[in-house]
Amino acid sequence: MHDILKSWGGFLHRRAENLLAAMLGVMFVLFLMQIVFRYLLNMKTGWTNEASTILWLWLVLWGAAFVLREDEEIRFDLFTGAAGPKARRAMLLLSGGGLLLLYGASLPASADYVLFMKVEKTAYLKVRFDWLFSIYVIFLIAVLVRYLWLCGQAVWGRAPDAIDPTKTVSGV
């Protein structure tokens with residue numbers, strides 16, 4: 001059963017990466033179109049700027065929610081790198097518990113606000129703001145699930161991996 005879940009998890013992670021790469025590709029094409037329209041054809045195109053901004057918002061939050069691994073996140077590891085396994089577990093429980101508390105408390109209000117924004121639309125593309133900002137609620141839920149999992153592992157005895165300063169990760 002564990003192997004099946006791991007296989008499905010890997011499959012879903014690769015599809016999330018594929019979607020992230022597609023968003024980045026479309027955003028780059030829109031950027032090039034904006035240059036061509038503005039400087040070569042002398043035409044103003046606000047919709048390319050708006051679409052790029054929307055894609056940037058989705059790209060950042062989608063990537064943070066589903067693509068970045070725990071060891072690729074930006075963090076201050078001065079103290080955790082010097083700590084032993086028990087201290088790393090305690091630090092994870094403290095920081096993860098704080099994140100769970102704050103993000104969990106903000107989730108209902110965030111979801112309510114996103115749903116309220118259905119009355120507004122973007123200027124050029126007429127995308128409803130509730131659709132546009134729904135990625136934030138998805139991001140919050142993904143972070144809550146991730147930190148519930150990490151805190152659960154810490155409670156049951158698994159300490160976060162020690163920091164290896166000789167190993168670098170690209171985040172890609």
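Since we're looking at a predicted model, the values are computed, not measured.

Peer 1: Break down the overall build of the chain for me, citing the residues and quoting the values.
Peer 2: Helix and strand content of the chain: five helices and zero strands. Counting helices and strands in the order they occur from the N terminus, the chain gives α-α-α-α-α. Taken over 172 residues, the chain has a buried fraction of 27%. When contacts within the chain are restricted to residue pairs at least 6 apart in sequence, long-range pairs at least 24 apart make up 77% of them. Summing over all exposed atoms, the chain offers an accessible surface of approximately 12200 Å²; the carbon and sulfur share of this is 71%.

Peer 1: So what's going on with the pattern of salt bridges? Which residues, and what values?
Peer 2: Under the criterion given, the structure shown has one salt bridge. Aspartate 130 is the salt-bridge partner of arginine 128, the closest N and O atoms lying 2.5 Å from each other.

Peer 1: Describe the environment of threonine 122, naming the residues involved and giving the relevant values.
Peer 2: Here threonine 122 shows up in the loop between helix H4 (85-116) and helix H5 (129-155). Distance in space between the C-alpha atoms of threonine 122 and tryptophan 47 is 9.6 Å, their sequence separation being 75 residues. Ignoring sequence-local partners within four residues, the contact set of threonine 122 consists of Glu50, Ile54, Val127, Phe129 and Leu132. Only 2.8 Å separates the side chain of threonine 122 from the side chain of glutamate 50, close enough to count as a polar contact.

Peer 1: I'd love a proper account of a nonpolar patch on the surface, names of residues and values included.
Peer 2: Taken together, Phe28, Phe31, Leu32, Ile35 and Tyr39 make up a surface patch of nonpolar side chains, about 530 Å² in accessible area. Along the chain, the position of isoleucine 35 falls in helix H1 (residues 2-40).

Peer 1: Pulling in residues and values, what's your account of the nonpolar core?
Peer 2: Judged by nonpolar contacts, the single largest core of 23 residues is most densely connected at Leu20, Met23, Trp62 and Tyr147. Looking at this core, the elements that each hand over two or more residues are H1, helix H2 (46-67), H4 and H5. When residues in this core are grouped by element, the largest group, nine residues, is from H5. Setting aside its immediate chain neighbours within four residues, methionine 23 contacts Leu55, Trp58, Leu59 and Trp62.

Peer 1: A description of unusual backbone geometry should follow, citing residues and the corresponding values.
Peer 2: For asparagine 42, which is not a glycine, the phi torsion comes out positive at approximately 55 degrees. When its relative accessible area of 68% is taken as the criterion, asparagine 42 is described as exposed. Residues other than glycine seldom take positive phi values, yet lysine 126 does so here, at roughly 60 degrees. As for its position among the elements, lysine 126 is in the loop between H4 and H5. A residue is classified by how much of its surface remains accessible, and lysine 126, at 52% relative accessible area, is exposed.

Peer 1: Help me get a handle on the confidence of the model for the chain, residues and values and all.
Peer 2: Averaged over every residue, the pLDDT of the chain is 86; the share at 70 or more is 87%. Confidence scores differ between elements of the chain, with helix H3 (residues 78-82) showing the lowest mean pLDDT of 69 and H5 the highest of 93.

Peer 1: Explain H4 to me, using residue names and the numbers behind them.
Peer 2: Helix length check: H4, at 32 residues, gives a terminal C-alpha distance of 45 Å against a target of 46 Å (1.5 Å per residue), a fit within 8%. By the largest-angle criterion, leucine 107 marks the main kink of H4, which is about 40 degrees, and a proline, proline 108, follows within four residues. All of the buried residues in H4 are Arg88, Leu92, Gly96, Leu100, Ser110 and Val114.

About the criteria used
- Residues numbered from 1 in each chain as written.
- Predicted model: local features only at pLDDT ≥ 70, side-chain atom pairs only at ≥ 80, totals over all residues.
- Heavy atoms only, no water.
- Helix = DSSP H or I, 4+ residues; strand = E, 2+ residues; numbered from the N terminus.
- Buried < 20%, exposed > 50% of the residue type's maximum accessible area, 1.4 Å probe, protein only.
- Contact = heavy atoms within 4.5 Å.
- Areas by Shrake-Rupley, 256 points an atom, 1.4 Å probe, with all protein chains shown as cover.
- Salt bridge = Lys/Arg side-chain N within 4 Å of Asp/Glu carboxyl O.
- Polar contact = N/O pair within 3.5 Å; in protein donor to acceptor, adjacent residues only side chain to side chain.
- Patch = residues over 30% accessible without salt bridge, like charges linked within 9 Å, V, L, I, M, F, W, Y side chains within 5 Å.
- Core = buried A, V, L, I, M, F, W, Y, C linked by side-chain atoms within 4.5 Å.
- pLDDT = per-residue confidence, 0-100.
- Expected span 1.5 Å × (residues − 1).
- Bend = angle between axes of the 7 residues up to and from the residue.

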